[in-house]
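Structural description and commentary
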Amino acid sequence: MIERKGTQMTAPALVLLAEGSAEPRVVEVIHQLRKQMQVQRPELSIHLAFLDHCPPSGPQVVSTLAARGVKEIVFAPLTLSHAVDVGDAAEQMLATVRRNHPGLSVTVAHPIGPATELLNVLDLRLRNALSACHALELDALVLCAPDCGDPRGASLLARRARQWGSHHKLPVAVACADGSGTSVVSAMASLHEQGRRAIAVGCLFLTADDSYVLASEQAIAAGAVAVSAPLGADGHIIDLIIARYAFAAMAMLDNAPASEHLGADVLTTGNTQLMAL
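Residues numbered from 1 in each chain as written. Predicted model: local features only at pLDDT ≥ 70, side-chain atom pairs only at ≥ 80, totals over all residues. Heavy atoms only, no water.

A closer look at the sheet that holds strand E3 (residues 13-18)
Within a sheet, neighbouring strands are paired by backbone hydrogen bonds and run either parallel or antiparallel to one another. Put simply, the test is: The pairing criterion for strands is at least two bridges between them, as found by DSSP. Note on conventions: DSSP H or I runs of at least 4 residues are helices, E runs of at least 2 residues are strands, and numbering of each starts at the N terminus. Every axis corresponds to a line fitted to the C-alpha atoms, with the helix fit spanning only the stretch in contact, and the corresponding angles, defined between N-to-C directions, vary from 0 to 180 degrees. Any pair of residues with heavy atoms lying within 4.5 Å of one another is described as a contacting pair.
In spatial order, the strands read E4-E3-E5-E6; together these 4 strands make up an open sheet with parallel pairing. Two strands in the sheet have a free side with no partner beyond their single neighbour: strand E4 (46-50) and strand E6 (105-108). Neighbour to neighbour, the strand axes of the sheet diverge by 25 degrees on average, direction disregarded. Direction of pairing for strand E5 (residues 72-77) relative to E6: parallel, over a ladder of 4 bridges. Looking at the pairing, valine 74 lines up with threonine 107 of E6. Lying over the sheet, helix H2 (residues 58-67) contacts E3, E4 and E5, oriented at roughly 150 degrees with respect to E4. Running at roughly 175 degrees to E6, helix H3 (residues 88-100) makes contact with E3, E5 and E6 of the sheet.

Right, here's the structure in full:
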C-alpha cells in the first residue's frame, strides 16, 4: 500500500511491457518473469502486455484493469539497451490507452537499461557456456546487445563494456544485433586483427528471440569459443524492474516532494529502500 498523510492508497498496477514473439519458448520466459515477480511481491498487482506478435496488448490489459476498478497503472518496459527512451511502439500504445481511458492515470517507467547489476548475470551465463564447451582460456570478449539503444543507453553500454573488460582484464568490443551499430562479426574481426583468438560473446538479451539466435549463430560461425545464454527471469532483473516501477509510482503522487516515501511494501527491494532520484 501507499501511505501518505495518514491515509492509505492502493499501489498502482504494474504492467510488464515486452516485445512479442511467435516463438512460444520466448514468450514463456516473460510469463515466468511475471510469475516470479508476483510470488516475490504478492502485495502488487502485476500483469503482462506485449507490443506485437502475441496477446495481450497494452490496451487489452488496461481495459481489463479498468473494468476491475484500477485507477493507476505503471508500464515497465523490459528493454535492456534503452535507458530512457521507451521506443515509438510503446509511445503509440500509451497514446492509445490514454485516449481510450481518459479517467485513468497511466505512465511508463524507465526501461531496465544496461544496468551494472546485469554484468553479474552475464558473467554467470558466460561461465556456464564456457564450462559446457570446456574452454580453458580467453583473450577477448564481445558484449552483444539487441541494438545500440537510445543515446543514454549507448553510453551506458560502452561503460559496461569497459567495466566488464576491466574486471576480467581483457579487451571488450561492443556489438549490436540489429545492424544499428557494429555487428558481432565485425566486432570479432576487429579483435582478430589485434591478434585475439579465444573470443567469447556475452549476450545482453532477455530471451532467445530471433535476434539473439541470429547473433549467436553469426558469432559461432565467426569463431567464438562460446556464446552466453540470454539472461532470462533472473532475480537481479526483477529487482531492477521493481526499482523502475517504484520511481514511476512515486512520480504519480500529486504534489509529492522528491523526499516523500511511498509505503515500505511498495518501495523496498530486499532490505534496500528505494527513493526518488
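Some remarks on the side chain of aspartate 123
In plain terms, the rule: Throughout, exposure labels follow a simple rule: accessible area from a 1.4 Å probe, protein chains only, divided by the maximum for the residue type, with under 20% read as buried, over 50% as exposed, and the rest as partly exposed. In this count, Lys and Arg are taken as positive residues and Asp and Glu as negative ones, while His and the chain termini are left out. Should a side-chain nitrogen of Lys or Arg be within 4 Å of a carboxyl oxygen of Asp or Glu, the pair is scored as a salt bridge. Pairing of N or O atoms within 3.5 Å defines a polar contact, subject to two protein rules: one partner must be a possible hydrogen donor and the other a possible acceptor, and residues neighboring in sequence count only if both atoms are side-chain atoms.
Here aspartate 123 is to be found in helix H4 (residues 118-132). For the buried residue aspartate 123, which engages in no salt bridge, the nearest side chain bearing the opposite charge is arginine 127, 4.6 Å off. Separated by 2.8 Å, the side chains of aspartate 123 and histidine 168 make a polar contact. Residues within four places of aspartate 123 in sequence aside, it is in contact with Trp164, His167 and His168.

Overview of helix H8 (residues 235-251)
Applied cut-off: Multiply 1.5 Å by the residue count of a helix minus one, and that product is the helix's expected span.
Taking 1.5 Å of rise per residue, the 17 residues of H8 would be expected to cover 24 Å, and the 25 Å separating its terminal C-alpha atoms lies within 8% of that figure. Those residues of H8 that sit buried are Ile237, Ile238, Leu240, Ile241, Ile242, Ala243, Tyr245, Ala246, Ala248, Ala249 and Met250. For H8, the N-terminal cap is aspartate 234; the gap from its side-chain oxygen to the backbone nitrogen of histidine 236 is 2.8 Å.

What about the packing of H4 against helix H5 (residues 151-168)?
Convention followed: Roughly parallel refers to an angle under 35 degrees, roughly antiparallel to one over 145, roughly perpendicular to one between 65 and 115, and oblique to any angle outside these ranges. Two helices cross in a left-handed way if the nearer one is turned anticlockwise from the farther one by less than a right angle. They cross in a right-handed way if the turn is clockwise. In this count, Pro and Cys sit with the nonpolar residues alongside Ala, Val, Leu, Ile, Met, Phe, Trp and Tyr, while Asp, Glu, Lys and Arg are called charged and the others, Gly among them, polar.
Put simply, H4 and H5 touch, their axes get as near as 11 Å, and they point 55 degrees apart. If you check the angle between H4 and H5, you find them oblique. Judged by the sense of rotation from one axis to the other, the crossing of H4 with H5 is right-handed. For the pair H4 and H5, the contacting residues are Leu119, Leu122, Asp123 and Leu126 in the first and Arg160, Gln163, Trp164, His167 and His168 in the second. Along the lines of polarity and charge, the residues of the contact of H4 with H5 split into 4 nonpolar, 3 polar and 2 charged.

A closer look at the packing of aromatic side chains
One pair of aromatic rings is described through two measures. These are the centre distance and the angle between the planes. The line we're drawing: Only the six-membered ring of Trp is used, alongside the rings of Phe and Tyr, when aromatic pairs are assigned; centres must lie within 6.5 Å, and planes under 30 degrees apart are stacked while those over 60 apart are edge-to-face, with the rest tilted.
Per the counting criterion, the structure on display carries 1 aromatic pair. Look at phenylalanine 205 and tyrosine 212: their rings are 5.6 Å apart centre to centre, the planes differ by 70 degrees, and that puts the pair in the edge-to-face class.

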